[in-house]
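Structure at a glance
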Amino acid sequence: ASRKLLLLPGDGIGPEIATEAQKLITVLNEATEGGFEIESGLVGGAAYDDCGEAISDTTMELAQASDAVLFGSVGGPRWDGVPYEKRPEAGLLRLRKEMGLFANLRPAICYPALADASSLKRHIIEGLDILILRELTGGVYFGEPKEIVDLGNGQKRAVDTQVYETYEIERIARAAFELARTRRGKVTSMEKRNVMKTGVFWNEVVSRVHREEFSDLTLEHELADAGGMKLVREPKQFDVIVTDNLFGDMLSDIAAMLTGSLGMLPSASLGKPDDASGRRKALYEPVHGSAPDIAGQGIANPIAMIASLAMCLRYSFAMTREAEALEAAIADTLNDGIRTGDIMAEGCRKVGTSEMGDAVAER
Ligand code: NAI
Ligand code: MG
């Protein structure tokens, strides 16, 4: 097989939804030339139980050698007591760091069929289709110094530092414009240039990349707080939103809630293209976590995981036709009234994880 995929199911509902993604890979292998070669590994609590680390060196090597990683979810109360650097999330952070995954793509898409899902009990935006691009390896989550200092007079000082360098903003800006070119051609950059030097600089670099390389596309700037307001008030005005690590973390979670269930949302994390092959390192995962409250019951919604596989086809393998077919199969399944509990609506048929996977595979 020419396409190497590493499947890391993880913890909680991770293995349940990973099984459904595998069904779709089987369908793809029957329908396409070349096919996928799948290897599996442990990550998170499952890896900790096995080898005392949230991801082993062997699994890291498999990840580096693969064309893409399909990741379930990690964590759960069982591992609350493990040392900080061995906690389940450390497995995901190591993958992001060592694979150099600097661009986090979070589409917020609302399937029209879900507009009637009474169980969602909140205002969702029918037909919404925006993409939030979050810088993932820089900014205030990683900048030095990062410390809590004892000042010796009964006071302490906590410090986090926001740092961005030219190349970090250039590469995320380029990714944003390239993505916008395949969509509606509009990028909105969000920062806080009114109060932050990194905001002034972010704005300057994004504007220059636009002027020099992508002037045929539309670029708008918003202050991140006002942008957040507009995102809730009138989200359809946006196409691609590009922003830093901290604002992206918050804005993408807010956008997620405009679409309904967490069980529907995929994501991709991309690295820079390899000089020789032109291929990017990449990891695809649902936005949701390991859902310990429903794990083991066979009721988790596998659509976020299956939609993550669709993103993998699109961004790692340029299989646009297959990605669209997979997304259409998801939409058809919903249109036919087949629903897991989290997206259940009146008059629909309630199914479990496996039946939902079968329904998408069939379509
Ligand atoms: P969560 O996303 O796991 O669950 C939040 C709520 O949404 C729960 O009620 C859950 O049942 C529901 N839910 C999530 N995914 C669903 C699906 N596919 N189908 C149906 N319902 C679904 O977030 P929570 O509860 O805050 O965290 C649980 C664990 O997951 C924690 O250990 C957390 O650290 C971890 N986590 C891991 C992530 C990752 O692996 N990337 C991301 C977020 C949290
Ligand atoms: Mg978050």
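Residues numbered from 1 in each chain as written. Chains lettered and ligands numbered in written order. Predicted model: local features only at pLDDT ≥ 70, side-chain atom pairs only at ≥ 80, totals over all residues.

Our working rule: UniProt positions are given in the numbering used here, feature names are shortened, and annotations may be inferred rather than shown by experiment.
Under an unreviewed UniProt entry, the name given to the protein chain is 3-isopropylmalate dehydrogenase, and the organism recorded is Fulvimarina pelagi HTCC2506. Its UniProt record, at the heading Subunit (unreviewed entry), says of the protein chain: "Homodimer." Per its UniProt entry, the protein chain bears the Pathway (unreviewed entry) comment "Amino-acid biosynthesis; L-leucine biosynthesis; L-leucine from 3-methyl-2-oxobutanoate: step 3/4."

Quick look at the site of ligand 1
As a reminder of what qualifies: Nearness rests on one distance test: the residue's C-beta atom, set from the backbone, must lie within 6 Å of the molecule or strand. Throughout this entry, Asp, Glu, Lys and Arg are counted as charged residues, while Ala, Val, Leu, Ile, Met, Phe, Trp, Tyr, Cys and Pro are counted as nonpolar. The remaining residues, Gly among them, count as polar.
Of all residues adjacent to ligand 1, which total 20 residues, the nearest are Gly 75, Gly 263, His 288, Gly 289 and Asn 301. Here the shell around ligand 1 is composed, by residue class, of 9 nonpolar, 8 polar and 3 charged.

Thoughts on the sheet that holds strand β2 (residues 36-40)
As a reminder of what qualifies: Any two strands with at least two DSSP-identified bridges between them are counted as paired. Helix and strand definitions follow DSSP, with helices as H or I runs of at least four residues and strands as E runs of at least two, each counted in order from the N terminus. The convention used is that axes are lines fitted to C-alpha atoms, helices contributing only their stretch in contact, and that angles between N-to-C directions extend from 0 to 180 degrees. Any residue pair is listed as a contact if its two C-beta atoms, each placed from the backbone, are within 7 Å.
Read across the sheet, 10 strands follow the order β2-β1-β3-β12-β11-β4-β5-β10-β8-β9 without closing on themselves; strand pairing throughout is mixed. For this open sheet the edge positions go to β2 and β9 (218-223), each flanked by a neighbour on one side alone. Between one strand axis and the next, the sheet turns through 20° on average, direction left out of account. With 7 bridges joining them, strand β4 (residues 103-109) and strand β5 (residues 129-135) adopt antiparallel strand pairing. Pairing of Ile 109 across the sheet is with Asp 129, part of β5. In this fold helix α1 (residues 14-31) packs onto β1 (3-10), β2, β3 (68-73) and β12 (280-286), with an angle of close to 145° to the strand it touches most, β3. Along the sheet face, helix α7 (residues 224-233) touches β8 (186-191), β9 and β10 (240-243) and points at about 105° away from the line of β9.

Observations regarding the domain arrangement of the protein chain
Accessible area lost on assembly of the parts is the figure often given for the size of an interface. The test is simple: Domain start and end points were adopted from an automatic or database domain assignment.
Taken domain by domain, the protein chain comprises domain 1 (1-108 + 260-363) and domain 2 (129-257). Taken together, the contact between domain 1 and domain 2 spans 16 residues of the former and 15 residues of the latter. Secondary structure elements with two or more residues in the side of domain 1 that touches domain 2: α4 (89-98), β4 and β11 (266-273). When residues of the side of domain 1 that touches domain 2 are assigned to their parent elements, the largest contribution, 6 residues, is made by β4.

A look at the nonpolar core
For the record, the criterion: As used throughout, a nonpolar core is a set of buried Ala, Val, Leu, Ile, Met, Phe, Trp, Tyr and Cys residues joined through C-beta atoms within 7 Å of each other. Think of it as a crowd count around each C-beta: if 20 or more other C-beta atoms lie within 10 Å the residue is buried, if 12 or fewer it is exposed, and in between it is partly exposed, with C-beta placed from the backbone throughout.
Within the largest apolar cluster, 99 residues are counted, with the highest numbers of intra-cluster contacts made by Leu 70, Leu 133, Ala 176, Tyr 284, Ile 306 and Leu 309. The element that contributes the greatest number of residues to this core is helix α9 (residues 303-317), accounting for 12 residues. Among the domains, domain 1 (1-108 + 260-363) and domain 2 (129-257) are the pair contributing at least three residues each to this core.

Section: the environment of Leu 251
With respect to the helices and strands, the residue Leu 251 is situated in helix α8 (residues 245-256). Taking the number of C-beta atoms within 10 Å as the measure of exposure, Leu 251 has 22 and is therefore buried. Residues Leu 251 and Gly 228, spaced 23 residues apart in sequence, show a C-alpha to C-alpha distance of 6.5 Å.

Re unusual backbone geometry
Of the consecutive residues Glu 144 and Pro 145, the connecting peptide bond is found in the cis state with omega at 0°. We note that Ala 291 has phi near 40°; this positive angle belongs to a residue other than glycine. As for its position among the elements, Ala 291 is in the loop between β12 and α9. A positive phi angle, close to 50°, is found at Ala 318, a residue other than glycine. Tracing the sequence through the fold places Ala 318 in the loop between α9 and α10 (320-335).

Topic: the UniProt feature "binding site: substrate" (unreviewed entry) in the protein chain
Summarizing the sequence annotation, UniProt attributes the feature "binding site: substrate" (unreviewed entry) to Arg 96, Arg 106, Arg 134 and Asp 225 in the numbering used throughout. Judged by maximum C-alpha separation, these annotated positions cover 130 residues in sequence and are scattered in space, the widest gap reaching 27.2 Å. Judged by C-beta crowding, with 17 C-beta atoms within 10 Å, Arg 96 ranks as partly exposed. Turning to its location among the elements, Arg 134 is positioned in strand β5. For Arg 134, a count of 25 C-beta atoms within 10 Å corresponds to the buried category.

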